[in-house]
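Secondary and tertiary structure notes
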Amino acid sequence: HIIPKKFFMFPTMLIDFLNEKKVTALTWATSGFNLVSSSGILQKKIPMHLKKVAVGGEAMLAAHLNNWKRAMPDVKYVNLYGPTEVTVDCTYYVVDKDFADTDAIPIGKACENKEVMLLDENLLPVKKGEPGEICVRGIGLANGYYNEPEKTAEVFVKNPHTLYDERIYKTGDIGKEDDDGNNIFQARKDGQIK
């Protein structure tokens with residue numbers, strides 16, 4: 001079901017809609033997830049049929065995740081990451097542990113048919129735990145930007161780690177790998193607001 005936009009202004013109506021339609025899975029922008037968390041509605045009523053929530057488009061904040069988990073601890077929560085240039089999602093993290101409200105939620109590991117690399121300014125891999133630019137290769141990579149060859153050449157570059165002609169996309173996002181092999185988004189290398 002596509003949720004009518006007005007329901008996000010009236011969280012009670014939103015939860016009623018989810019219950020009326022017996023929605024079991026949500027694929028939402030993180031902003032919708034956060035809006036419901038901030039509204040306080042989850043302390044009054046919950047989507048009774050919900051089993052899975054996948055969010056992406058912005059960083060998942062642990063404080064909002066914890067509000068959802070307190071209200072619905074048995075739901076599976078998935079954090080998705082990926083810019084439009086890689087056909088939206090290139091990593092996922094199934095939330096499998098508890099986080100303090102101030103912790104960073106991992107963006108996880110690469111989706112099938114994608115590879116995520118953390119590279120330095122010379123396009124060399126960084127050591128585990130060190131920050132690097134998140135670069136992506138694989139199925140779904142865009143061909144570039146329409147009528148913007150300079151911008152395309154700047155961020156869609158030849159993969160320096162293979163002999164054949166394959167491109168990677170330099171996201172401009174900075175991340176690092178944690179001890180479990182999950183990527184964690186840290187910042188932008190420029191001033192772009194995500």
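Here goes a summary of the coordinates provided. The structure presented is a predicted model; accordingly, all values stated were derived computationally and were not measured. (Residues numbered from 1 in each chain as written. Predicted model: local features only at pLDDT ≥ 70, side-chain atom pairs only at ≥ 80, totals over all residues. Heavy atoms only, no water.)

This part takes up the overall build of the chain. On a plain count of helices and strands, the chain comes out with 4 helices and 10 strands. For the chain, the spread of C-alpha atoms along the three principal axes comes to 55 × 40 × 30 Å. Counting the 194 residues in the chain, one finds 45% classified as buried. Expressed as a percentage of contacts within the chain between residues at least 6 apart in sequence, the contacts between residues at least 24 apart total 56%. For the chain, the accessible surface area stands at approximately 11,200 Å², while carbon and sulfur atoms represent 53% of it. One way to put it: in the chain the 25 positive side-chain charges average out to a point 7 Å from where the 27 negative ones average out. (Helix = DSSP H or I, 4+ residues; strand = E, 2+ residues; numbered from the N terminus. Buried < 20%, exposed > 50% of the residue type's maximum accessible area, 1.4 Å probe, protein only. Contact = heavy atoms within 4.5 Å. Areas by Shrake-Rupley, 256 points an atom, 1.4 Å probe, with all protein chains shown as cover. Lys, Arg positive; Asp, Glu negative; His and termini not counted. Charge placed at Lys NZ, Arg CZ, Asp CG, Glu CD.)

On to the sheet that holds strand β1 (residues 25–29). Pairing is mixed in the open sheet, where 5 strands are placed in the order β1-β2-β3-β4-β5. Each edge of the open sheet carries a strand with a single partner, namely β1 and β5 (109–110). Along the sheet, helix α2 (residues 30–39) makes contact with β1, β2 (52–56) and β3 (76–81), crossing β1 at roughly 105°. (Pairing = 2+ DSSP bridges. Axes fitted to C-alpha atoms, helices over the stretch in contact; angles between N-to-C directions.)

Turning our eyes to something else, we now look at helix α3 (residues 62–71). Counting buried positions along α3 gives 7 out of 10 residues, so the element sits mostly inside the fold. Within the sequence span of α3, burial applies to Ala 62, His 64, Leu 65, Asn 66, Asn 67, Trp 68 and Lys 69.

Following the criterion strictly, the structure yields 10 salt bridges and no others. Asp 180 serves as the salt-bridge partner of Lys 97, at 3.8 Å between the closest nitrogen and oxygen. Highlighted residues: Lys 97 in the loop between β4 (91–94) and β5 and Asp 180 in the loop between β9 (167–177) and β10 (183–188), separated in sequence by 83 residues. For Asp 180, a relative accessible area of 49% corresponds to the partly exposed category. Between Asp 173 and Arg 188 there is a salt bridge whose closest N-O contact spans 2.8 Å. Separated by 15 residues along the polypeptide, Asp 173 in strand β9 and Arg 188 in strand β10 bring together distant segments of the chain. Per residue, the accessibility class of Asp 173 equals that of Arg 188, and both read buried. When salt bridges that share partners are traced, they join Glu 115, Arg 137 and Glu 166 into one network. (Salt bridge = Lys/Arg side-chain N within 4 Å of Asp/Glu carboxyl O.)

Attention now moves to helix α1 (residues 11–20). Taken as a whole, α1 has its buried residues at Pro 11, Leu 14, Ile 15, Phe 17, Leu 18 and Asn 19. Against the buried residues of α1 lie β1 and α2. Once α1 ends, the next one or two residues include Lys 22, with phi positive near 55°.

This brings us to the packing of aromatic side chains. The description of an aromatic ring pair uses the distance of the two centres, along with the angle that the planes make with each other. A complete count under the given rule lists 8 aromatic pairs for this structure. When the centroid spacing of 5.3 Å and the interplanar angle of 65° are considered together, the rings of Phe 8 and Trp 28 count as edge-to-face. On the criterion of sequence distance, the pair formed by Phe 8 in the segment before α1 and Trp 28 in strand β1 is long-range, its members being 20 residues apart. Taking relative accessible area as the criterion, Phe 8 reaches 22% and is therefore assigned partly exposed. Both rings, one in Phe 33 and one in Trp 68, keep their centres 4.8 Å apart while their planes meet at 10°; by these two values the pair is stacked. With a gap of 35 residues between them, Phe 33 in helix α2 and Trp 68 in helix α3 connect regions that are remote in the sequence. Of the residues examined, Trp 68 reaches a relative accessible area of 0% and is grouped as buried. (Phe/Tyr/Trp six-rings, centres within 6.5 Å; stacked < 30°, edge-to-face > 60°.)

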